[in-house]
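Structural overview
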Amino acid sequence: MSLSPLLAASPAIQMHAYSAMLAFMLGAYVLFLPKGDSTHKRLGRAWATLMVIVATTSFFIWESRVFGPFSPIHLLSVSALVLLGLAIRAARMRNIKAHLRIMQSTYLGALVIAGWFTFMPGRIMNEVVFGPNGGSPLQSGVFLASSILGGTAILLLLRHANRRRGPRINPAE
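So, a few notes on the structure that sits alongside this text.

Calculation criteria
By convention here, each chain's residues receive numbers from 1 onward along its written sequence. With the structure being a predicted model, the display of local features is reserved for residues of pLDDT at least 70 and the display and counting of side-chain atom pairs for 80 or more, all residues being used for whole-chain, interface and lining totals. To obtain the side-chain values, all non-hydrogen atoms of the structure were included, while hydrogens and water were left out. The criterion is simple. A nonpolar core is a set of buried Ala, Val, Leu, Ile, Met, Phe, Trp, Tyr and Cys residues joined through side-chain atoms within 4.5 Å. For the exposure calls, accessible area comes from a 1.4 Å probe over protein chains only, and a residue counts as buried if that area is under 20% of its type's maximum, exposed if over 50%, partly exposed in between. Strands here mean DSSP runs of E at least two residues long; helices mean DSSP runs of H or I at least four residues long; both are numbered from the N terminus. Contact criterion: two residues are considered in contact whenever any of their non-hydrogen atoms come within 4.5 Å of each other. To estimate how far a helix should extend, the number of its residues minus one is multiplied by 1.5 Å. The aromatic pairing rule takes the rings of Phe, Tyr and Trp, using the six-membered ring of Trp, and pairs them if the centres are within 6.5 Å, calling planes under 30 degrees apart stacked, those over 60 edge-to-face and the rest tilted.

Some points on the nonpolar core
- Among the nonpolar cores identified, the biggest contains 18 residues, and Ala23, Trp47, Met51, Leu84 and Leu111 are the most heavily contacted of them.
- By residue number, the principal contributor to this core is helix H5 (residues 96-117), which donates six residues.
- Residues contacting Leu84, with those up to four places away along its chain left out, are Trp47, Ala48, Met51, Val52, Met103 and Thr106.
- Judged by nonpolar contacts, the second largest core, of eleven residues, contains Ala9, Ala17, Ile61 and Val128.

Here you go:
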C-alpha cells in the first residue's frame with residue numbers, strides 16, 4: 001500500500017479523494033449517532049459540506065471522457081447534490097423519515113457503491129491499495145467482496161449496539 005499514486009495525482013483528484021475518505025468515515029459515525037441532538041446536527045453539516053466538496057471536485061476530474069470532458073459518473077455527482085438539498089429540506093420541514101432515508105441513500109450510493117468502483121484495475125485507488133502495477137480483477141474482486149462482508153458485519157454490530165442503547169430523536173433541540 002502506498003499513497004504515491006494519489007500524491008502524484010492532480011489537486012482536484014487529491015481533494016476529491018481525501019474529502020471522500022473523510023466523508024466516508026464521518027458519515028458512518030453520524031449514521032449511528034443518536035439523532036436530533038446538537039452533535040448530530042453539527043457533524044451532519046460537516047458531512048454535507050464534505051459531500052458538496054466531493055461532488056463539486058468530481059466535475060474537475062476528466063479521466064474518463066464520454067460526453068465532452070464528462071462521463072456517466074458525473075451524473076452521480078449531480079444526483080448527490082440534489083439529494084443533499086432534498087435531505088436538508090426534509091430535515092427543516094421536520095420530515096425526519098425522509099431525511100434519514102435520503103441521507104442513508106446518499107451515503108450508500110455516492111460513497112460506498114461509487115467508492116468500490118475506485119478500486120477497479122486502472123484506477124488510482126487500486127494502485128494505492130495494490131501497488132504501482134495495481135491489482136488484478138480477481139484481487140480487486142476479493143478486496144471488494146471482503147470489504148462488503150466486513151462492512152456488513154460492522155454495520156450489524158453497530159446496529160445491535162444502537163438498539164441496546166435505544167433511539168433518541170429530539171428534533172426540537
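Points about helix H3 (residues 38-58)
- With 21 residues, H3 should reach 30 Å at 1.5 Å per residue; the first-to-last C-alpha distance of 30 Å fits that figure.
- Turning to H3, its buried residues number three or more, namely His40, Gly44, Trp47, Ala48, Leu50, Met51, Val54, Ala55, Thr57 and Ser58.
- Its buried side turned inward, H3 meets helix H2 (11-32), helix H4 (73-92) and H5.

Concerning the packing of aromatic side chains
- Enumeration over the complete set of coordinates arrives at four aromatic pairs.
- Both rings, one in Phe119 and one in Phe143, keep their centres 4.9 Å apart while their planes meet at 50°; by these two values the pair is tilted. Taken together, the residues span a long stretch of sequence, with Phe119 in the loop between H5 and helix H6 (124-130) and Phe143 in helix H7 (residues 137-165) at a distance of 24 residues.
- By relative accessible area, Phe119 is classed as buried at 16%.
- On the basis of relative accessible area, Phe143 is assigned to the partly exposed category, the value being 26%.
- Members of the aromatic cluster, joined through ring pairs, are Phe24, Trp47 and Tyr107.

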